[in-house]
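# A look at the structure
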Amino acid sequence: MPSIHLPITTNFKPTTESQLLHVLIVEDDHDVSTVLADAIACPARRIHQAATLEQARKILAHLTINLVLIDRALPDGNGLEFAAELRRTHSHARSIIVTGQATFETALAAIRAGAVDFIPKPVNVADLNHRIELALHQQRRDQKARQRVLRLRRLCHELNQARHQISQQVDVLCCDLVTAYQDLASQVQHIELISDLRSDLADELDLEQTLRKTLEFLVTKVGPTNIAIFLPSSDSGHSIGGYVNYSYERDYMPLVLDHLVDTLAPRLAESDDLVHLTNDKQLEAFLGESSAWLEDQHLLAVACRDEEDETLASIALFRDGAEPFNEDISELLEATAPLLANHLIKVIRVHHRHHDLFDEHDDDSGLAA
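Note that the structure is a prediction, hence the values are computed from the model and not measured.

On to the overall build of the protein, then. Scanning the protein from terminus to terminus reveals 12 helices and 12 strands. Pairs at least 24 residues apart make up 64% of the contacts formed inside the protein by residues separated by at least 6 positions. Of the accessible surface of the protein, which amounts to about 18,600 Å², a share of 48% is contributed by carbon and sulfur atoms.

Dropping the structure here:
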C-alpha cells in the first residue's frame, strides 16, 4: 500500500504576452464597468460591455470572445452559473469572477464553476491586468492545441481526397497520410492515457489529494512499482512530495528517498527529456555514488514542467530489472507530467489567493490568519 508524505508547495511565476483579443465585461453597475474597461484598455485588446446576462449572450453569439469578466451578482442571473454555462457553450473563452464577497469559499465556487480566477472588489488595477494576462495566456495556449488537432483532421481529410483523385501520386500521398494519422493518433492516445487522471483532478484544489490521486493513478496503470514525487522547496533544494513503497523494507525506503532527493531530484529538474535507465552502468553515470541505492533497478523518470519551462515537480518510477518498463509506460509518464504541472499551477494560484484574502480581508470577511 502507498505511504504518502506531502509537505511542500511551490511558486508560480506568471508571464505576459500581448495580441489583439476581445474582452467582455459583464457588470450591471455602469460606473464600475467603465472603471474596469478603462483599467484594462490597451491597443492589444478590444473591450465590450454588457449590463445583463441577456446582453452578454447576444454579444457572445456574434463575436469570438477570448475572456469574460463576470460580476457575481447580476440583475438577471448568477455570475457563477453563467461561468459554468460558458464552459459548456463557449469552451474557447475563459472567465474571471469579479466579486465583493472575497472569501475562500467564493474562490473555490468560482474555480469549480469553470472560472480560471476570481478578483475581489475593490479591484487593484495592476493585479487585474496581471490576472487578465494569465487568463489570456491560458486561452491562447488551449486555442493553439485545438487548432492543431483541427489542422491534423483537415489534413487527413484532404489527403484522403487527393489520394483518390491523383493516382500517380499515391505513394507520396500515402506516406503523408500515414504521418498525419500517426501524429493525430499520438495526440488522441496521450489524451486517452491520462483521461482518468484528468477527471480525478478536475475539481481537486488540495495539494495532498492532488499528489495522492496522481500516485494512485500511476500504480493502477503501471502495476506494482516504487514511485517518488519530488517537489521544489523554498531553499532551492527538493523534498519528497509523496511516494509508493513496493519492494523495500519499510524502514529502508526513507533512507533511499533521502539520497535520491539530493541527487536524482536535481538531475531531473535539469533534464529536458524522459530519463530511462536500464542497467547499473547507466545509473552510475547519471547518479554517481547514489546509484548504489538503486542497484539492479530500472529507473523511469521525468520532470513536470509548466509553459514557462519551470519544474514544478518530478516523478520517478523504479523497480527490479526483471520487471522492465515498456514503451507504453514511458508514454504514460510523459503524458502525466504536463498534466500534473498544469494542475499544480491551478492549486498554487487558488492557495495564493487564499492567503491574500486572509491578509487583505481579515476584518471584513471574518477569516482568521
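After presenting the structure, the write-up continues.
Every buried residue belonging to helix α10 (residues 280-287) is among Leu283, Phe286 and Leu287, and all of these are buried. Projected down its long axis, α10 carries its buried residues within an arc of 80 degrees, all on one side. Turned more than 90 degrees off the buried face of α10, the exposed positions are Lys281, Glu284 and Ala285. Summarising the contacts, the buried residues of α10 are in contact with α9 (253-270), β10 (275-277) and β11 (297-305). Once α10 ends, the next one or two residues include Gly288, with phi positive near 70 degrees.

Pairing between the strands of a sheet comes from backbone hydrogen bonds, and it takes one of two forms, parallel or antiparallel. Strand order in the open sheet made by the 5 strands is β9-β8-β12-β11-β10, with antiparallel pairing throughout. Only two strands of the sheet have a single neighbouring strand rather than two, namely β9 (238-244) and β10. Taken over all neighbouring pairs, the strand axes of this sheet differ in orientation by 15 degrees on average, direction set aside. Of the pairings in the sheet, the one linking β10 to β11 comprises 3 bridges and is antiparallel in character. The partner of His276 across the bridge, within β11, is Leu300. In the packing of helix α8 (residues 207-222) onto the sheet, contacts are made with β8 (226-232), β9 and β12 (311-320), and the angle to β8 comes to roughly 150 degrees.

Before going further, it helps to examine the pairing of β12. When a strand is regular, its side chains alternate between the sheet's two faces. Summarising burial for β12: 9 of the 10 residues are buried, a large majority. Here β8 runs beside β12; their pairing, made up of 5 bridges, is antiparallel. Within β12, the position partnered with Ala228 by the bridge is Ala316. As consecutive antiparallel partners, β11 and β12 are separated by 5 residues, and within that stretch Asp309 has a phi angle of approximately 65 degrees, a positive value.

This part covers the sheet that holds strand β7 (residues 117-120). The 5 strands lie next to each other as β2-β1-β3-β6-β7, forming an open sheet whose pairing is parallel. The outermost strands of the open sheet, each flanked by one partner alone, are β2 (45-50) and β7. Taking each pair of neighbouring strands and ignoring which way they run, the sheet shows an average axis angle of 20 degrees. Both strand β6 (residues 94-99) and β7 contribute to a ladder of 4 bridges, which runs parallel. Note on β7: the bridge partner recorded for Ile97 is Phe118. Set on the sheet, helix α1 (residues 30-40) makes contact with β1 (21-26), β2 and β3 (67-71); between it and β2 the angle comes to about 175 degrees.

Conventions we followed
The residue count restarts for each chain, going from 1 along the sequence in the order it is written. It should be noted that, the model being predicted, local features are given only for residues of pLDDT at least 70 and side-chain atom pairs only at 80 or more, the latter also being counted only at that level, while totals for whole chains, interfaces and linings use all residues. Where side-chain values are given, they derive from all heavy atoms of the structure, hydrogens and water being excluded. Secondary structure elements follow DSSP: runs of H or I of four or more residues count as helices, runs of E of two or more count as strands, with numbering from the N terminus. We call two residues in contact whenever any of their non-hydrogen atoms come within 4.5 Å of each other. To be clear on the numbers: accessible area is Shrake-Rupley with a 1.4 Å probe, and residue cover counts the displayed protein chains and nothing else. Accessibility here uses a 1.4 Å probe with only protein chains present; expressed as a share of the type maximum, an area under 20% marks a residue as buried, one over 50% as exposed, and anything in between as partly exposed. The reported arc concerns the directions from the helix axis to the C-beta atoms and nothing else. Note on pairing: DSSP must find at least two bridges between two strands before they are called paired. Working convention: axes come from line fits to C-alpha atoms, limited for helices to the stretch in contact. Angles between N-to-C directions cover 0 to 180 degrees.

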